[in-house]
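Secondary and tertiary structure notes
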Amino acid sequence: MANKGPAYGMSRDVQSKIEKKYDDELEDRLVEWIVAQCGSAVGRPERGRLGFQVWLKNGIVLSQLVNSLYPAGSKPVKIPDSPPTMVFKQMEQISQFLKAAEEYGVVKTDVFQTVDLFEAKDMAAVQRTLMALGSLAVTKNDGNYHGDPNWFMKKAQEHKREFTESQLKEGKNVIGLQMGTNKGASQAGMSYGRPRQIIS
């Protein structure tokens, strides 16, 4: 985008805190997954935050990644024949990936902003989005995930419980401890000294 000079004061402090959140070990794991998921044709980035950003910047690798998580007939992101060179086309490609990631199930709070990647403002946010996408892919277990399932945490799944009418009625007879109890320690029989003696 625009050429920017160095940041000073509070802006520099904030940017350095954001940059410290970037995890190099996580980058290695994500690169391994993307290559396993999309094939070796996507190549590999140079090590480090800047290399990772340049690799993903035009949005093509990300689009191939999200497309690979869908079955053969339904690819959510259209990938151009040649990688886009114009800035707004690259940003549009990233936006298409983000929309497809949300449709796949990534929570909106886990999705990075386009400028986080394009201008390398917050590459840790990009890592969080890719981790959330990988976790969802492992959790869905629909046969479209490729790679080691141990690279990502499985998301918790809903576990519905069915109760019979008799079990529900039985539950109404139990006094919850939040309402108090009629058993256990009480103040019955306690005395707090002698009552005040008033002599007239």
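Before any of the text, the structure's been laid out above.
Attention in this report is confined to the structure presented alongside it. (Residues numbered from 1 in each chain as written. Predicted model: local features only at pLDDT ≥ 70, side-chain atom pairs only at ≥ 80, totals over all residues. Heavy atoms only, no water.)

1. Some words on the pattern of salt bridges
- Scanning all chains against the criterion turns up 6 salt bridges.
- Here Arg44 ties to Glu32 by a salt bridge, and the two come within 3.0 Å at their closest N and O atoms. With Arg44 in the loop between helix H2 (24-38) and helix H3 (49-56) and Glu32 in helix H2, the pair connects residues that are 12 residues apart, well separated along the chain.
- Look at Glu32 and you get partly exposed, because its relative accessible area is 35%.
- Put simply, Lys108 and Glu102 hold a salt bridge, and the shortest N to O gap is 3.6 Å.
- Lys108 sits in the exposed class, given a relative accessible area of 61%. (Salt bridge = Lys/Arg side-chain N within 4 Å of Asp/Glu carboxyl O. Helix = DSSP H or I, 4+ residues; strand = E, 2+ residues; numbered from the N terminus. Buried < 20%, exposed > 50% of the residue type's maximum accessible area, 1.4 Å probe, protein only.)

2. Thoughts on the nonpolar core
- If you look at the biggest cluster of nonpolar residues, it comprises 43 residues, and the most contacted ones within it are Ile34, Phe52, Leu56, Phe97, Phe112, Leu130 and Leu133.
- Elements with a minimum of two residues in this core: H2, H3, helix H4 (60-68), helix H5 (87-104), helix H6 (114-118) and helix H7 (123-140).
- The element best represented in this core is H7, accounting for 10 residues.
- Leu56 has contacts with Ile34, Val61, Leu62, Leu117, Val126 and Leu130, leaving out every residue within four places of it along the chain. (Core = buried A, V, L, I, M, F, W, Y, C linked by side-chain atoms within 4.5 Å. Contact = heavy atoms within 4.5 Å.)

3. Description of the packing of H2 against H4
- Interhelical geometry of H2 versus H4 gives an angle of 65° and a closest axis separation of 9 Å. Taken as a pair, H2 and H4 cross one another with a handedness that is left-handed. Each of Trp33, Ile34, Gln37 and Cys38 in H2 lies in contact with H4, whose residues at this interface are Val61, Gln64, Leu65 and Ser68.
- Grouping the amino acids of the contact of H2 with H4 by side-chain chemistry returns 5 nonpolar, 3 polar and no charged. (Axes fitted to C-alpha atoms, helices over the stretch in contact; angles between N-to-C directions. Left-handed = near helix turned anticlockwise from the far one by under 90°. Nonpolar A, V, L, I, M, F, W, Y, C, P; charged D, E, K, R; others polar.)

4. A word on empty space enclosed by the protein
- Within this structure, the stated rule accounts for 1 cavity of 30 Å³ or more.
- Considered as a void within the structure, the largest cavity measures approximately 30 Å³ in volume.
- Looking at the largest cavity, the residues that line it are Gln15, Ile18, Glu19, Tyr22, Arg49, Ala120, Lys121, Asp122, Met123 and Ala124.
- Mapped by element, the contributors of at least two residues to the lining of the largest cavity are helix H1 (9-20) and H7.
- Looking at the lining of the largest cavity, the element that brings in the most residues is H1, giving 3 residues.
- Taken together, the residues that form the lining of the largest cavity break down as 5 nonpolar, 1 polar and 4 charged. (1 Å grid on protein atoms, 1.4 Å probe; cavity = no way out; pocket = protein on both sides within 12 Å on 5 of 7 lines; lining within 4 Å. Points joined across faces, edges and corners; volume = space filled by probe spheres on them.)

5. Concerning the packing of aromatic side chains
- Inspection of the entire model under this criterion finds 6 aromatic pairs.
- Ring centres 5.6 Å apart and planes at 65° place the aromatic pair Tyr70 and Tyr104 in the edge-to-face group. Residue Tyr70 is found in the loop between H4 and H5, and its partner Tyr104 is found in helix H5; the two are separated by 34 residues along the sequence.
- Taking relative accessible area as the criterion, Tyr70 reaches 19% and is therefore assigned buried.
- Following the ring pairs from residue to residue traces out a cluster consisting of Trp33, Tyr145 and Phe152.
- For Lys57, the ring lying beneath its charged end belongs to Phe118, and the centroid distance is 4.8 Å.
- Sitting over the ring of Tyr104, Lys140 keeps its end group 3.7 Å from the ring centre. (Phe/Tyr/Trp six-rings, centres within 6.5 Å; stacked < 30°, edge-to-face > 60°. Lys NZ or Arg CZ within 6 Å of the ring centre and 35° of its normal.)

6. Comments concerning the side chain of Thr139
- Residue placement: Thr139 occurs in helix H7.
- Here the side chain of Thr139 touches Ser135 through a polar contact of 2.7 Å, landing on its backbone oxygen. (Polar contact = N/O pair within 3.5 Å; in protein donor to acceptor, adjacent residues only side chain to side chain.)

7. Some points on the environment of Lys99
- When you line up the elements, Lys99 lands in helix H5.
- Sequence separation of Lys99 and Val77 is 22 residues, and the distance between their C-alpha atoms is 9.0 Å.

8. Points about unusual backbone geometry
- With a phi angle near 55°, Ala120 is a residue other than glycine that sits in the positive phi range.
- Of note, Ala120 is situated in the loop between H6 and H7.
- The backbone of Asn141 sits at a positive phi, close to 50°, despite the residue not being glycine.
- In this fold, Asn141 is placed in the loop between H7 and helix H8 (165-172).

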